[in-house]
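Below are the chains, spelled out letter by letter.
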Amino acid sequence: MTGDIGPALLRQLFGDPNEGGVYLVGVVEFSDDASEDQWSYVGNTQMGTLASAASRLGYERRDITIAEPYREPGHGVLPDGTELAVTSTTVPGSASWHRSSREPTPEERLRWAGHPVPPPPPPEPVPVPVGPNMERARPRIEEHQGEVFYTKTGKPFTYRTNHYTLVIVESRRNVQWHEIRSALAAWPIAGPSEIPRCPERSGRYVYGIVSDERIRQEDW
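Residues numbered from 1 in each chain as written. Predicted model: local features only at pLDDT ≥ 70, side-chain atom pairs only at ≥ 80, totals over all residues. Heavy atoms only, no water.

Undergrad: An account of unusual backbone geometry is needed here, citing residue identities and associated values.
TA: With an omega of 10°, the peptide bond between Trp187 and Pro188 qualifies as cis. Despite not being glycine, Glu218 has its phi angle at roughly 65°, a positive value. Checked against the element boundaries, Glu218 lands in the segment after helix 7 (213-216). Taking relative accessible area as the criterion, Glu218 reaches 75% and is therefore assigned exposed. (Helix = DSSP H or I, 4+ residues; strand = E, 2+ residues; numbered from the N terminus. Buried < 20%, exposed > 50% of the residue type's maximum accessible area, 1.4 Å probe, protein only.)

Undergrad: Give me the lowdown on the sheet that holds strand 3 (residues 74-77), citing residues and values where you can.
TA: Strands belonging to one sheet form pairs held by backbone hydrogen bonds; the direction of such a pair is parallel or antiparallel. Spatial strand order, 2-3-4-1-5: five strands in an open sheet with mixed pairing. At either margin of the open sheet sits one strand with a lone partner, and together these are strand 2 (65-66) and strand 5 (99-102). Pairing geometry for strand 1 (residues 22-31) and strand 4 (residues 83-91), over nine bridges, is parallel. Across the sheet, Ser31 pairs through a bridge with Val91, a residue of strand 4. (Pairing = 2+ DSSP bridges.)

Undergrad: Residues and numbers for the pattern of salt bridges, please.
TA: Considering all chains together, one arrives at 13 salt bridges under this definition. Measuring nitrogen to oxygen at the nearest pair gives 2.5 Å for the salt bridge that ties Arg140 to Asp219. Here Arg140 is found in helix 4 (residues 134-143), whereas its partner Asp219 is found in the segment after helix 7, with 79 residues between them in sequence. Take Arg140: its relative accessible area is 11%, and that puts it in the buried class. Asp219 sits in the partly exposed class, given a relative accessible area of 28%. When the shortest N-O distance is used, the salt bridge between Arg214 and Asp212 registers 2.9 Å. Residue Asp212 is classed as buried on the basis of its relative accessible area of 16%. One network of salt bridges, in which partners are shared, links Glu29, Arg102 and Glu108. (Salt bridge = Lys/Arg side-chain N within 4 Å of Asp/Glu carboxyl O.)

Undergrad: Talk me through the packing of aromatic side chains; I want residue IDs and the actual numbers.
TA: Enumeration according to the criterion identifies four aromatic pairs in this entry. Judged by centre distance (6.2 Å) and plane angle (35°), the rings of Phe149 and Phe157 are tilted. Judged by centre distance (5.0 Å) and plane angle (70°), the rings of Phe157 and Tyr205 are edge-to-face. Taken together, the residues span a long stretch of sequence, with Phe157 in strand 7 (residues 156-157) and Tyr205 in helix 6 (residues 200-210) at a distance of 48 residues. (Phe/Tyr/Trp six-rings, centres within 6.5 Å; stacked < 30°, edge-to-face > 60°.)

Undergrad: Talk me through the nonpolar core; I want residue IDs and the actual numbers.
TA: One finds Ile141, Tyr159, Leu166, Ile180 and Val206 to be the most contacted residues of the largest nonpolar core, which totals 24 residues. For this core, the secondary-structure elements that each account for two or more residues are helix 4, strand 9 (165-168), helix 5 (177-186) and helix 6. The dominant element in this core, judged by the number of residues it contributes, is helix 6, at five residues. Residues contacting Val206, with those up to four places away along its chain left out, are Val175, Glu179, Ile180, Ala183, Ile195 and Cys198. One finds Tyr23, Val28, Leu50 and Leu57 within the second-largest nonpolar core, a separate group that totals 17 residues. (Core = buried A, V, L, I, M, F, W, Y, C linked by side-chain atoms within 4.5 Å. Contact = heavy atoms within 4.5 Å.)

Any functional reading would require information that these geometric values do not contain.
Here is the structure:
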């Protein structure tokens, strides 16, 4: 029975009823760590949610009759015979005192009404990395240590790597890994001077490494 309210308004606000003609108007969330005493407050929250739904339909909050308080789901009847319900669900990991009332999700409304619930959309595909990144570059740089590389002006050099730096063998100069990262982040670049936060004395070697085909492998 929907009385003076009309099924169109009820469906607009709350979706379709279940097979018993009861409309789902809210869901109370509470902690899965709640004690028995704290759980009693869930019933209070359900009754408050039912009263709020009555107000949305133009009734006084006191006009709704709560059938069997503290039962699950919370259930109330309006003067015109419209039946409303509030379910509850636990939220893992929340504080023991946590409880709140919310609107049912579209999926919860469909399940309540006995309708099929469409499967969730497939996950978004993981984007394929475009351009240079340190995760691909560093293993290649480490693999080719000891081999001859060239600066942009054609000067040959070799390097060896450790956890913190690359050491240029000929000049004993240290090149920081973050300088390599800066060059990759700024790519494409035309030369050492375009590498952010990298001094020219290191940049000549950084550019010679990241621009070499052994390191690029046509990825950038």
